[in-house]
Amino acid sequence: MPSQKQDYLLRLIEELGQLVTEIVNLRQQGNHDAALHTLLQAQERLFARPAQEFITQPIEEQLHLLVIGETSANAREKCVLYASLLTEAGHTYLAREQTALASGAYQLALHILLLTALHHPAPDAAEDRTRIAALLNLLPGDQLVTEVKEMLDQFQTAGQKS
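Concerning a negative patch on the surface
- Side chains of E60, E147, E150 and D153 sit close together on the surface and give a patch of like negative charge.
- Sorting elements by how many residues they give to the negative patch places helix α7 (residues 146–161) first, with three residues.
- Within the secondary structure layout, E147 lies in helix α7.

In structure tokens, the structure reads:
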């Protein structure tokens, strides 16, 4: 029987999935501001706190706030959801022709996925590789910041050992 915490996470995933559908629809309708506002609401829902409490924190601190008290599997799920929301933000910025902001959102999502893959790897490593490859396809390699490049190298090296 699933625990209350697991039930909560399943409901949260369902709710965030509905918000992502709404975000995609708003973006496709050209209503980018509403899409970004909904993204912020989704992030606040995921973090269970107002954006000002996490958005200005370094990424490692954001992830710490996100996964406090979670099992490794739940922590992984929440981090992947956060990366998905940031990827949607990137798509929305790209639709607004704000390529620098899109690149930043994609890079942050990649950073989160790499940290997640290194600290809470998927049972099937191909899942992590697929998600990371999808984001790398959105980012020119010369735009990756040093820290992300180093984590990518670490991830790829770890993948070669397994």
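Quick look at the packing of helix α3 (residues 59–67) against helix α5 (residues 99–119)
- Running from amino to carboxyl end, α3 crosses α5 at an angle of 60°, the nearest separation of the two axes being 11 Å. As judged from the angle between their axes, α3 and α5 are oblique. Crossing of α3 over α5 shows right-handed handedness. Along the contact surface, α3 presents I59, E60 and L63, while α5 presents L108, H111, I112 and L115.

Describing the environment of S103
- Assignment of secondary structure puts S103 in helix α5.
- When sequence neighbours within four positions are dropped, the list of residues in contact with S103 reads L139 and Q143.

Topic: the packing of helix α4 (residues 72–95) against helix α6 (residues 125–136)
- Where α4 contacts α6, the two axes come as close as 12 Å, and the packing angle between them is 20°. One element, α4, and the other, α6, form an angle in the roughly parallel class. Between α4 and α6 lies a crossing whose hand is left-handed. Facing R76, V80 and T87 of α4, the residues of α6 in contact are E127, D128, R131 and L135.
- Looking at the contact of α4 with α6 residue by residue, the class counts come to two nonpolar, one polar and four charged.

Section: unusual backbone geometry
- The phi dihedral of A48 falls on the positive side, at around 60°, and the residue is not glycine.
- Not every positive phi belongs to a glycine, and E97 is a case in point at roughly 65°.
- Along the chain, E97 falls in the loop between α4 and α5.
- Given a relative accessible area of 70%, E97 falls into the exposed group.

Digging into the packing of aromatic side chains
- Throughout the structure, instances matching the rule amount to two aromatic pairs.
- Ring centres of F47 and F54 lie 3.9 Å apart, and the angle between their planes is 5°; on these two criteria the pair is classed as stacked.
- Taking relative accessible area as the criterion, F47 reaches 4% and is therefore assigned buried.
- Judged by relative accessible area, which is 0%, F54 ranks as buried.
- Considering the side-chain rings of F47 and Y82, the 4.9 Å spacing of their centres and the 85° angle between planes classify their relative orientation as edge-to-face. Separated by 35 residues along the polypeptide, F47 in helix α2 (residues 32–47) and Y82 in helix α4 bring together distant segments of the chain. Here F47 matches Y82 in class, with each residue buried.
- Taken together, the ring pairs connect F47, F54 and Y82 into an aromatic cluster.

How each quantity is defined
- Residues numbered from 1 in each chain as written.
- Predicted model: local features only at pLDDT ≥ 70, side-chain atom pairs only at ≥ 80, totals over all residues.
- Heavy atoms only, no water.
- Patch = residues over 30% accessible without salt bridge, like charges linked within 9 Å, V, L, I, M, F, W, Y side chains within 5 Å.
- Areas by Shrake-Rupley, 256 points an atom, 1.4 Å probe, with all protein chains shown as cover.
- Salt bridge = Lys/Arg side-chain N within 4 Å of Asp/Glu carboxyl O.
- Lys, Arg positive; Asp, Glu negative; His and termini not counted.
- Charge placed at Lys NZ, Arg CZ, Asp CG, Glu CD.
- Helix = DSSP H or I, 4+ residues; strand = E, 2+ residues; numbered from the N terminus.
- Axes fitted to C-alpha atoms, helices over the stretch in contact; angles between N-to-C directions.
- Parallel < 35°, antiparallel > 145°, perpendicular 65-115°, else oblique.
- Left-handed = near helix turned anticlockwise from the far one by under 90°.
- Contact = heavy atoms within 4.5 Å.
- Nonpolar A, V, L, I, M, F, W, Y, C, P; charged D, E, K, R; others polar.
- Buried < 20%, exposed > 50% of the residue type's maximum accessible area, 1.4 Å probe, protein only.
- Phe/Tyr/Trp six-rings, centres within 6.5 Å; stacked < 30°, edge-to-face > 60°.

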